[in-house]
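Here is what each chain is made of, one letter per residue.
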Amino acid sequence: MEKILSKNFFNPQARSIAFYLKDGGYEAARKALTVMTPQTVIDEITRSNLRGLGGAGFPTGKKWSFIPKDSPKPKYLVVNSDESEPGTFKDRHIMEWDPHLLLEGIIIACYAIGAHRCFIYTRGEYYRFAGIVQAALDEAYGERFFGKKIFGSEFDLDVVIHLGAGAYICGEETALLESLEGKRGWPRLKPPFPAIVGLFGCPTIINNTETISHVPGIIRNGSEWFADLGSPKNGGTRMYSVSGHVKKPGVYELPAGTTLREIIYTHAGGVRNDRKLRAVIPGGSSSPVLKPEEIDVKMDVESLAAVGSMVGSAGVIVMDETTCLVKALAIISKFYQHESCGQCTPCREGTGWMTRILRRNLEGQGVREDLDNLPRLAGNILGNTICPLGDAAALPVQSFIAKFRDEFESHIRNGTCTAVR
Amino acid sequence: MSLGALSDKLLATISELLAKYPQPRAALIPILNACQREYGFVSAETEAAVAEVLSIPVIEVRETISFYSLLLRKPAGKYRLQFCTNISCSLLGAEESVATACRRLGIQEGETTPDKRFTITTVECLGACEMSPSLQVNDDYYANMTPDKVDELLDKLK
């Protein structure tokens, strides 16, 4: 299959603008700015079935169309390169190996929504990778692809790379905006949505790194080409991050809607030491866990929703038969407790209670009521918070206990783990 | 005047950062990151100077600093060993590497060696799960950590 985002991965030469230009680089941006109107760009993206690849899966063209056309305020594009969902590491690869692809996507997206300023928000830990994108940006400014009157058009654009300082919640788009404004990352109530009231109170589109990096290919090759690569309603390819107990962990670019089984067994080499599969988290640690008999599911928004999970960030975490699932859930739960911003009571308190109960179970001190109290606690968080972190903490707890209740019961009965050693 | 807490080099960096944003407050985290790169942490004096530069109350600077795990209000060691112990790294035995580093350096997780060379912390997902168990030392990533590799690395960083 043709690779779009990953074709230059692991080739250090590919980062240079000379390499990128030789491959037709920045021609899609030139085409958009010189022969297309912003509306025709948006229409093309809409027809391509490109969806947000950060986790929520919202149709990108539709999101762009929410920007008010008559607003006198400046408009902003914010690229979400915060990538913090456990199990996800695809955006880092794009920044590290093909930064110009992201930058060209930014030009086209900004033109489409009428933004003259873009901020790339990335996590503080990605300092080195932000440096690679900055070097590419400097090169592109040198070619006058950024700045004033780009490609001889009337369009001006400046990009700023902004490093955060360590907080998972800042990957949530409104927390990200708060953080970008210099505040702590407390998510905002929606509505108003960022497309209307976003950064500095102005209309703002927030898109994930991978999403924006797909834009040049769509403009270059057409929406039909892109839509045909994926599955219904999910255009193009996706970057699947695969980690845990597989022989070949890594990022695999495959069509949207590839089955989980194919990703694990054909591409990631199967389970390490040819052990038996015990459980798979399909879309980053917040997505409900799947049992081995469920992995023929297609990795797209609708197919995973149909089995009660989420494609999320497509971060596939594979667990073999030696895994203690009580420990796995305790780790996940502790993460969401640590990262809860503390704004909403159900999340702030609930994540703490779930984590303490799970720790007790891990230490052999669990009681039978725990297995009813945990899902009940999770249910009291679910849907009762400003942002999706509450749901992200609740769904793993509910799904692990629903699907692997026997293992949790055995922990309580025996005071210890009974997983295969 | 508290601006004296900031070096000339830092004041120049701050001017550059302020020029990038339509509102000065937006430069706060980049400014704090720059201060920490210069001094290793953000002291009370630095907080006050940054607040003065941005014309905001010191408490707002502290509120921001205390929210973010990478901003330090106390000095750390020259090498900050940040071991990921989230799910993918833990599945592959991250705890053994942490234990090795703690034993070897004679400190607990969260502590700094008396010679101020090393700080050990366990952190949440570093976005490098294909490198599990992963470790970040200052800005650099290290992959597939094992107790032996921790030993080797500590020898090199001496």
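Above: the structure in question.
Residues numbered from 1 in each chain as written. Chains lettered and ligands numbered in written order. Predicted model: local features only at pLDDT ≥ 70, side-chain atom pairs only at ≥ 80, totals over all residues. Heavy atoms only, no water.

K.L.:
Explain helix α1 (residues 8–18) of chain B to me, please; I cannot follow it from the model alone.
P.N.:
An α-helical turn contains 3.6 residues, so a residue and the one three or four places further along point in the same direction. Residue and element names in this part refer to chain B. Those residues of α1 not exposed but buried are Leu 10, Ile 14 and Leu 17. The buried residues of α1 occupy an angular sector of 60° when the element is viewed end-on, so they sit on one face. Of the residues in α1, the exposed ones pointing more than 90 degrees away from the buried face are Asp 8, Lys 9 and Glu 16. Turning to α1, the residues buried within the fold contact α2 (28–39) and α3 (44–54). (Buried < 20%, exposed > 50% of the residue type's maximum accessible area, 1.4 Å probe, protein only. Helix = DSSP H or I, 4+ residues; strand = E, 2+ residues; numbered from the N terminus. Arc of directions from axis to C-beta. Contact = heavy atoms within 4.5 Å.)

K.L.:
Even after reading the chapter, I still don't get the nonpolar core, so can you show me in this structure?
P.N.:
A general feature of soluble globular proteins is that nonpolar side chains tend to end up buried together. Ranked by size, the top nonpolar core spans 81 residues in total, and within it Ile169(A), Met319(A), Phe400(A) and Phe408(A) carry the most contacts. Among the elements that take part in this core, helix α14 (residues 325–339) of chain A stands out by supplying nine residues, more than any other. Discounting residues that sit within four places of it in the chain, Phe408(A) has contacts with Leu325(A), Val326(A), Leu329(A), Leu358(A), Leu371(A), Phe400(A) and Ile401(A). By size, the runner-up hydrophobic cluster in this structure holds 75 residues, among which are Val41(A), Val215(A), Ile219(A) and Ala94(B). (Core = buried A, V, L, I, M, F, W, Y, C linked by side-chain atoms within 4.5 Å.)

K.L.:
Got a minute to help me understand the pairing of strand β8 (residues 315–320) of chain A in this structure?
P.N.:
Consecutive side chains along a regular strand alternate between the two faces of the sheet. All names here are of chain A. For β8, the buried fraction is high: six of the six residues fall into the buried class. Two strands pair when backbone bridges link them, and strand β7 (residues 277–281) and β8 are joined in this way by four bridges, in the antiparallel orientation. Bridge pairing links Ala 279 to Met 319 in β8. (Pairing = 2+ DSSP bridges.)

K.L.:
Got a minute to help me understand the sheet that holds strand β3 (residues 158–163) of chain A in this structure?
P.N.:
What holds strands together in a sheet is hydrogen bonding between their backbones, with the strands either parallel or antiparallel. All names here are of chain A. Within the open sheet, the four strands sit side by side as β3-β2-β1-β4. Their pairing is parallel. Two strands in the sheet have a free side with no partner beyond their single neighbour: β3 and β4 (204–208). Direction aside, neighbouring strands of the sheet carry axes that sit 20° apart on average. As judged from the six bridges shared by strand β1 (residues 76–81) and strand β2 (residues 117–122), these two strands associate in the parallel manner. Residue pairing across strands places Val 79 opposite Ile 120, the latter belonging to β2. In the packing of helix α6 (residues 99–113) onto the sheet, the strands contacted are β1, β2, β3 and β4, and the crossing angle to β1 comes to about 145°. (Axes fitted to C-alpha atoms, helices over the stretch in contact; angles between N-to-C directions.)

K.L.:
Explain the state of the cysteines to me, please; I cannot follow it from the model alone.
P.N.:
Disulfides are covalent bonds that link the sulfur atoms of two cysteine residues. All names here are of chain A. Per the stated rule, a full pass over the model turns up zero disulfides over all chains. Cys 118 provides the cysteine sulfur closest to Cys 110, a residue in no disulfide bond, and the two sulfurs are 4.8 Å apart. The class of Cys 110 is buried, set by a relative accessible area of 0%. (Disulfide = S-S within 2.5 Å.)

K.L.:
I tried to follow the environment of Gly198(A) on my own but got confused; where do I start?
P.N.:
All names here are of chain A. By secondary structure assignment, the location of Gly 198 is in the loop between α8 (173–180) and β4. A relative accessible area of 0% places Gly 198 in the buried class. It is 17 Å that separates the C-alpha atoms of Gly 198 and Ile 169, two residues lying 29 residues apart in sequence. Other than its neighbours up to four places away in sequence, Gly 198 contacts Leu 177, Glu 181, Arg 188, Pro 203 and Thr 204.

K.L.:
Even after reading the chapter, I still don't get the sheet that holds strand β4 (residues 140–142) of chain B, so can you show me in this structure?
P.N.:
Residues and elements named next belong to chain B. If you walk across this open sheet you meet the four strands as β2-β1-β3-β4, and the pairing is mixed. With one partner strand each, in any of the chains shown, β2 (118–123) and β4 form the two edges of the open sheet. In this sheet, adjacent strand axes meet at a mean angle of 25° when their direction is disregarded.

K.L.:
Looking at this structure, how should I read the side chain of Gln82(B)?
P.N.:
Residue and element names in this part refer to chain B. Position of Gln 82 among the secondary structure elements: in strand β1 (residues 79–84). Of the residues examined, Gln 82 reaches a relative accessible area of 5% and is grouped as buried. With residues near it in sequence (within four places) discarded, Gln 82 still touches Leu 70, Thr 121, Val 123, Leu 126, Ser 134, Leu 135, Gln 136 and Asn 138.

K.L.:
What exactly am I supposed to notice about the packing of α14(A) against helix α15 (residues 345–362) of chain A here?
P.N.:
How two helices pack is summed up by the angle between their axes together with the distance between the axes. Residues and elements named next belong to chain A. Taken N-terminus to C-terminus, the directions of α14 and α15 make an angle of 155°; their axes are 9 Å apart at the nearest point. Regarding the angle of α14 to α15, the classification is roughly antiparallel. Note on packing geometry: the crossing formed by α14 with α15 is left-handed. Counted together, Val 326, Lys 327, Leu 329, Ala 330, Ser 333, Lys 334, Tyr 336 and Gln 337 of α14 and Thr 351, Gly 352, Met 354, Thr 355, Leu 358, Asn 361 and Leu 362 of α15 form the full contact between these two elements. (Parallel < 35°, antiparallel > 145°, perpendicular 65-115°, else oblique. Left-handed = near helix turned anticlockwise from the far one by under 90°.)

K.L.:
Sorry if this is basic, but what is going on with the interface of chain A and chain B here?
P.N.:
Interface extent is often summarised as the accessible area lost during association of the parts. Taken together, the contact pairs 55 residues of chain A with 38 residues of chain B. Between chain A and chain B, roughly 3700 Å² of surface is buried when both sides are summed, and carbon and sulfur atoms account for 58% of that area. At the surface where chain A touches chain B, the tally comes to five salt bridges. Between Arg92(A) and Glu130(B) there is a salt bridge, with the nearest N and O atoms lying 2.4 Å from each other. At the junction of chain A and chain B, the tally comes to 22 residue pairs in polar contact (both at pLDDT 80 or more). (Buried area = accessible area lost by both parts, 1.4 Å probe. Salt bridge = Lys/Arg side-chain N within 4 Å of Asp/Glu carboxyl O. Polar contact = N/O pair within 3.5 Å; in protein donor to acceptor, adjacent residues only side chain to side chain.)

K.L.:
Can you help me understand the pattern of salt bridges in this one?
P.N.:
When charged atoms on two side chains of opposite charge get close, those side chains can pair. Taken as a whole and judged by the stated rule, the model has 36 salt bridges over all chains. In this structure, Glu302(A) engages Arg51(A) in a salt bridge whose closest nitrogen and oxygen atoms are separated by 2.9 Å. Taken together, the residues span a long stretch of sequence, with Glu302(A) in helix α13 (residues 301–306) and Arg51(A) in the loop between α3 (38–47) and α4 (60–65) at a distance of 251 residues. For Glu63(B), the salt bridge is made with Arg184(A), and the minimal N-O distance between the two is 3.5 Å. On the criterion of chain membership, the pair formed by Glu63(B) in helix α4 (residues 58–67) and Arg184(A) in the loop between α8 and β4 is interchain, its members lying in two chains. Salt bridges here are not isolated pairs; linked through shared partners, they connect Glu178(A), Glu181(A), Lys183(A) and Arg188(A).

K.L.:
Would you mind showing me how to read the packing of α6(A) against helix α7 (residues 127–142) of chain A here?
P.N.:
Residue and element names in this part refer to chain A. Following both chains from N to C, one finds α6 and α7 inclined at 60°, their axes separated by 9 Å at the closest point. Relative to α7, α6 is oriented oblique. Crossing geometry of α6 relative to α7 is assigned as right-handed. Together, Pro 99, His 100 and Leu 103 of α6 and Ile 132, Val 133, Ala 136, Leu 137, Glu 139 and Ala 140 of α7 make up the contact between the two elements.

K.L.:
Help me understand the pairing of β1(B), please; the structure alone is not making it clear to me.
P.N.:
Residue and element names in this part refer to chain B. By the criterion of burial, β1 is predominantly enclosed, with six of the six residues buried. Neither face of β1 is open: one carries Tyr 79, Leu 81 and Phe 83, the other Arg 80, Gln 82 and Cys 84, and all of them are buried. Alignment of β1 against β2, held across six bridges, turns out to be parallel. Across the sheet, Gln 82 pairs through a bridge with Thr 121, a residue of β2. Relative to strand β3 (residues 135–137), β1 runs antiparallel, the two sharing three bridges. Looking across to β3, one finds that Leu 81 is bridged to Val 137.

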